[in-house]
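Spelled out, the chains give:
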Amino acid sequence: MLYREAGQFKTTYAADQQLFPIRQDRIGVLVLLAVAFFGVPLLASEYWFSAILIPFLIFALAALGLNILTGYAGQLSLGSAAFMAVGAYAAYNFQLRVEGIPLLVSFICAGLTAAGVGILFGLPSLRIKGFYLAVATLAAQFFIVWCLTKFPWLSNNSSSGVISTQKLIIFGHELNTPVEKYLLVLSIVVFMALAAKNMVRSTTGRAWMAVRDMDVAASVIGIRLMPTKLLAFAISSFYCGVAGALYAFCYLGSVEPDGFSLEMSFKILFMIIIGGVGSIMGSFLGAAFILLLPIFLDVALPFFAELFGLPFSSATVSHIQITVFGALIMFFLIVEPHGLARLWQIAKEKLRLWPFPH
Amino acid sequence: MSKKIGDVILDLQNISLRFGGVKALTDISFNVKQHEIRAIIGPNGAGKSSMLNVINGVYHPQEGKIFWHGNERKKMEPHMAAQQNIARTFQNIALFKGMSVLDNIMTGRITKMKANFIEHALWFGRARKEELEHRKKVEEVIDFLEIQHIRKTPVGRLPYGLQKRVELGRALAAEPSMLLLDEPMAGMNVEEKQDMCRFILDVNDQFGTTIVLIEHDMGVVMDISDRVVVLDYGKKIGDGVPDEVKNNEDVIKAYLGAGH
Ligand SMILES: Nc1ncnc2c1ncn2[C@@H]1O[C@H](COP(=O)(O)OP(=O)(O)OP(=O)(O)O)[C@@H](O)[C@H]1O
Ligand SMILES: [Mg+2]
């Protein structure tokens, strides 16, 4: 009976409409944030920051962007990585070409640029749905990567489109260490996740979900399909764009167009499938799962191989990784389409009744 | 009943609607007066649902004129019906399956909420205030329909009869001046039907909402409607107060012919 709302009576609608209406959730989130901002910087090693935590946050942000579009507004997209690429190259170019532009401003501009491109590639969604729309977004994926390689201006005439990002200067202070980069990424991701949570619990989100669940009924109620869908494309791409800028500036430092491959788009899609389609938290769970699973298998498989005296080559390990991935995705698609977030929900419902079975 | 039936607010003149070779509606004229309960009846495939879809702009008739409050309505899109205060429910429940009862009904008020997505994202300005104000209205609807106990339930988990009630709630949340109901009692048991009848009559009575209703249950139709239109194979074969329609020979024939 640790997790219960019993006794927490809502006497006003305001109390019932809080971001996290159940007290334990509220406390949980605050603790999590405190740990992320203050605990982790004290404990984690440099490797953890640059190889695990920073990419986790960045991919969680991209997954969140895709989740807004696919999970909430119901428009399938296979172009997430391409929108990240737009963000990365836009941020680079704003830094390069606009004298004295603050880094954060160029991140915002990068998001806006991606949003613009997103709207453009979202236009087919006004006519086509589902599988066919996915194919149209596939076009975005290839076209954008092609553009970035084809037009040298976009990468300041570097060979094969590789860019090395500028210095990270925030409020006159240069960020050098992984911890500082981590804190920058964390702040941006937390802010944007809260903003997303706010959007999906208000009219904006309800309009998206209405279009997703039953578009004829939505339009009869007065929701205009075109602006609603395009807004979802814009905001989703904004999130992916900012994620792309962070990916280039805070994670890799140097990127090339081909790095933002279709494979990466699929990876982001798998994150939301496994984490939970239509769930903010699911985006984080999915990103953690997809990024940590290979690391876990890398360590665990050789260990077991040795234990049982099996000859595992590194090629076998990567084959097994792919197999496990495929199996998991099939599992979630068939058994639990709402992903880890739903499993978490079920666990909470059980916990609510615990220790009484009914 | 002591209510006052007003002037004609919706006038349909010579409406014809075709889908390829299928004539769904042929040269149909009828009107709806303010505050009345107007029933549309007819055998399966008669064109009743198509008629509602014409009224709220989902279908566009090839011929005919529509006057709304005396003005001819030109090309109409579905979302414009909402702006003109016309709400509806569907024959096959069209709730938003992934959302709770509360959110479904809140969505019914969407045209009345003005905050934009930036205000929502940052939860400032009109966003917070509107959410509270409209929640209050929505709770009134929830009380009216006696569904307080399920307000947080995802609609997909509700039994059929309750889903129909929630869909009515979503329509009522818009505070419509005209309500189009497509078989609101289909598939319900006697008790649920009685509840639904009561709600429809109360809406009509308390809020003065004009109601256009499609229903197969003749008992219900003759009981609660002020005037009835009868369609058969896309043509109008009867129009008048229940008693008139009941004794209309064409109507009797159509119903006997259709095996009723
Ligand atoms: N979107 C559409 N496309 C093609 N034909 C349609 C469409 N909508 C309706 N029709 C046709 O129009 C005719 C009238 O259909 P409608 O649904 O209006 O009948 P109805 O009176 O509501 O019947 P029911 O009692 O079965 O609901 C039918 O022949 C139907 O097949
Ligand atoms: Mg029908």
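Residues numbered from 1 in each chain as written. Chains lettered and ligands numbered in written order. Predicted model: local features only at pLDDT ≥ 70, side-chain atom pairs only at ≥ 80, totals over all residues. Heavy atoms only, no water.

Engineer: Please clarify how the sheet that holds strand 9 (residues 227-232) of chain B should be interpreted in this entry.
Structural biologist: Strand pairing in a sheet relies on backbone hydrogen bonds, with the paired strands running either antiparallel or parallel. Residue and element names in this part refer to chain B. Pairing is mixed across the open sheet formed by 6 strands, whose spatial order is 6-7-8-3-9-10. Every other strand in the sheet has two partners, leaving strand 6 (86-89) and strand 10 (235-240) as the edge strands with one partner each. Taking each pair of neighbouring strands and ignoring which way they run, the sheet shows an average axis angle of 15 degrees. In this structure, strand 3 (residues 37-41) lies alongside strand 8 (residues 210-214), joined through 4 bridges in parallel fashion. By the bridge assignment, isoleucine 37 is partnered in strand 8 with isoleucine 211. On the sheet, helix 1 (residues 48-55) packs against strand 3, strand 6, strand 7 (178-182), strand 8 and strand 9 and is oriented at approximately 155 degrees with respect to strand 7. Packing against the sheet, helix 7 (residues 190-206) makes contact with strand 3, strand 7 and strand 8, and its axis sits at approximately 155 degrees to strand 8. (Pairing = 2+ DSSP bridges. Helix = DSSP H or I, 4+ residues; strand = E, 2+ residues; numbered from the N terminus. Axes fitted to C-alpha atoms, helices over the stretch in contact; angles between N-to-C directions. Contact = heavy atoms within 4.5 Å.)

Engineer: Which parts of the structure should I look at to understand the domain arrangement of chain B?
Structural biologist: Residue and element names in this part refer to chain B. In terms of domain boundaries, chain B breaks down into domain 1 (1-83 + 178-184 + 214-260) and domain 2 (86-175). Each of domain 1 and domain 2 has a C-alpha centre, and the two are 27 Å apart. Contacts between domain 1 and domain 2 engage 16 residues on the former and 11 residues on the latter. Inspection of the region where domain 1 meets domain 2 yields 1 salt bridge. In this structure, the salt-bridge partner of aspartate 182 is arginine 88, at a minimum N-O distance of 3.7 Å. At the level of elements, helix 1, helix 2 (78-83) and strand 7 are the ones that each hand at least two residues to the side of domain 1 that touches domain 2. In terms of residues, the side of domain 1 that touches domain 2 owes the most to one element, strand 7, which gives 5 residues. Its residues placed into classes, the side of domain 1 that touches domain 2 shows 10 nonpolar, 3 polar and 3 charged. (Domains from an automatic or database assignment. Salt bridge = Lys/Arg side-chain N within 4 Å of Asp/Glu carboxyl O. Nonpolar A, V, L, I, M, F, W, Y, C, P; charged D, E, K, R; others polar.)

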